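Descriptive structure summary
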Amino acid sequence: MKHIIDTALFDRAALEALFEKTDLMRRNPGTPLTGKILATLFYEPSTRTRLSFEAAMLKLGGQVITTENAKEFSSAAKGETIEDTVRVVGAYADALVIRHPEEGTLARAAAASPVPVINAGDGAGQHPTQALLDLYTIRTEAGGIEDKIIAILGDLHYGRAARSLAYLLAEYPGVRLILASPEGLAMNEDITSRLREKGIQYEETTDIAYALAQADVAYQTRIQKERFSDEAEYLRFKGSFNITADLAAQMKSDAIILHPLPRVDEISPAVDVLPQARYFTQAHYGLFVRMALLTSMLT
Ligand code: NCD
């Protein structure tokens, strides 16, 4: 049984195999999951991750059961543990996709589940499938990953998408990373120590203009409002690290701009029409990457 809980599950060979399978899914997926059921349990809001997993399952011939807003509408609201919930739902479905606000809950779910569990984001921990689709987008839209200058921007402290992407980029020794964040939201040591271990060249900066001007790939992220215990603290950062049309105009002409979405104000809508803007393409690729993942896990 293959759970996808930790970004560390994927090495270079596994990534390449998944991306080749994703290319295939874009051309000719077939319906290999006919008769299979996927359950989605989201204890935090989601648009892309939940709906792209569900669409992926349907396109592959499978079916979906779900509890929208699991925090409120599942038995978690009555005090049921995650272990009991997955034991039961795991008897109804062939795989579970779970998002939860607390780091560590996904590992508990996997330990109790009779079927594979996919981490769709656990607090400020990890979001492995987002990092997979991010890498696939860089590979496809930037003409490869190796040797690129990749700036990861925004809330690197709480942002699980940024954290998981940086972790996986350590599998590509030719990349150069620029970790750009407002003062106080820098990447945590658990990720930077991994970069050093793997010999990845990286620098940290608070200068967004510098990071954007250098980048072949600019990966912008949202300040993670829901992780701040204090609204005033969040407001201190909000709007302080935005990509405006003026800043985007200083970028390399063949650079690309990505964002896991949703955005609030950290990429101006005026940037959407620029050739560098690829975040909606990125969200679309998420569907195919998740199709490839589900096929690998369930066939
Ligand atoms: C991200 C998440 O939930 O971590 N969204 C997503 O899955 N595409 C990023 C975010 O919410 O800022």
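This report concerns the structure included in the present document.

Analysis parameters
Residues numbered from 1 in each chain as written. Predicted model: local features only at pLDDT ≥ 70, side-chain atom pairs only at ≥ 80, totals over all residues. Heavy atoms only, no water. Core = buried A, V, L, I, M, F, W, Y, C linked by side-chain atoms within 4.5 Å. Buried < 20%, exposed > 50% of the residue type's maximum accessible area, 1.4 Å probe, protein only. Helix = DSSP H or I, 4+ residues; strand = E, 2+ residues; numbered from the N terminus. Contact = heavy atoms within 4.5 Å. Phe/Tyr/Trp six-rings, centres within 6.5 Å; stacked < 30°, edge-to-face > 60°. Pairing = 2+ DSSP bridges. Axes fitted to C-alpha atoms, helices over the stretch in contact; angles between N-to-C directions.

**Observations concerning the nonpolar core**
Of all hydrophobic cores here, the largest spans 58 residues; its most connected members are Leu135, Ile152, Leu169 and Leu294. No other element matches the 10 residues that helix 12 (residues 279–298) contributes to this core. Once residues within four sequence positions are removed from consideration, Leu135 is found in contact with Leu15, Phe19, Ile145, Leu165, Leu168, Leu169 and Tyr172. The next biggest cluster of nonpolar side chains, apart from the first, holds 22 residues, and it includes Ile178, Ala248, Ile267 and Val271.

**Points about the packing of aromatic side chains**
Evaluated as defined, the whole model comprises six aromatic pairs. When the centroid spacing of 5.0 Å and the interplanar angle of 65 degrees are considered together, the rings of Tyr158 and Phe228 count as edge-to-face. You can see Tyr158 sitting in the loop between strand 5 (149–153) and helix 7 (160–169) and its partner Phe228 sitting in the loop between strand 8 (217–220) and helix 10 (231–237), a full 70 residues away along the chain. By the ring-pair criterion, three or more aromatic residues cluster together here, those being Tyr158, Phe228, Tyr234 and Phe237.

**Describing the sheet that holds strand 8**
If you walk across this open sheet you meet the five strands as 7-6-5-8-9, and the pairing is parallel. Two strands bound the open sheet, and with one partner strand each, they are strand 7 (201–205) and strand 9 (256–258). The average angle at which neighbouring strand axes cross in this sheet is 15 degrees, direction not considered. Of the pairings in the sheet, the one linking strand 6 (residues 176–180) to strand 7 comprises five bridges and is parallel in character. When the sheet's bridge partners are listed, Arg176 is paired in strand 7 with Gln201. In the packing of helix 8 (residues 189–197) onto the sheet, the strands contacted are strand 6 and strand 7, and the crossing angle to strand 7 comes to about 150 degrees.

**Description of the sheet that holds strand 1 (residues 37–42)**
Think of a sheet as strands paired side by side through backbone hydrogen bonds, with each pair either parallel or antiparallel. Read across the open sheet, the four strands follow the order 2-1-3-4; overall the sheet is parallel. If you trace the sheet from one side to the other, it starts and ends with strand 2 (63–67) and strand 4 (117–122), each paired once. Averaged over all pairs of adjacent strands, the angle between strand axes in this sheet comes to 15 degrees, irrespective of strand direction. Sheet topology places strand 1 next to strand 2; five bridges connect them, and they run parallel. Residue pairing for strand 2: Thr40 is matched across the bridge by Thr66.

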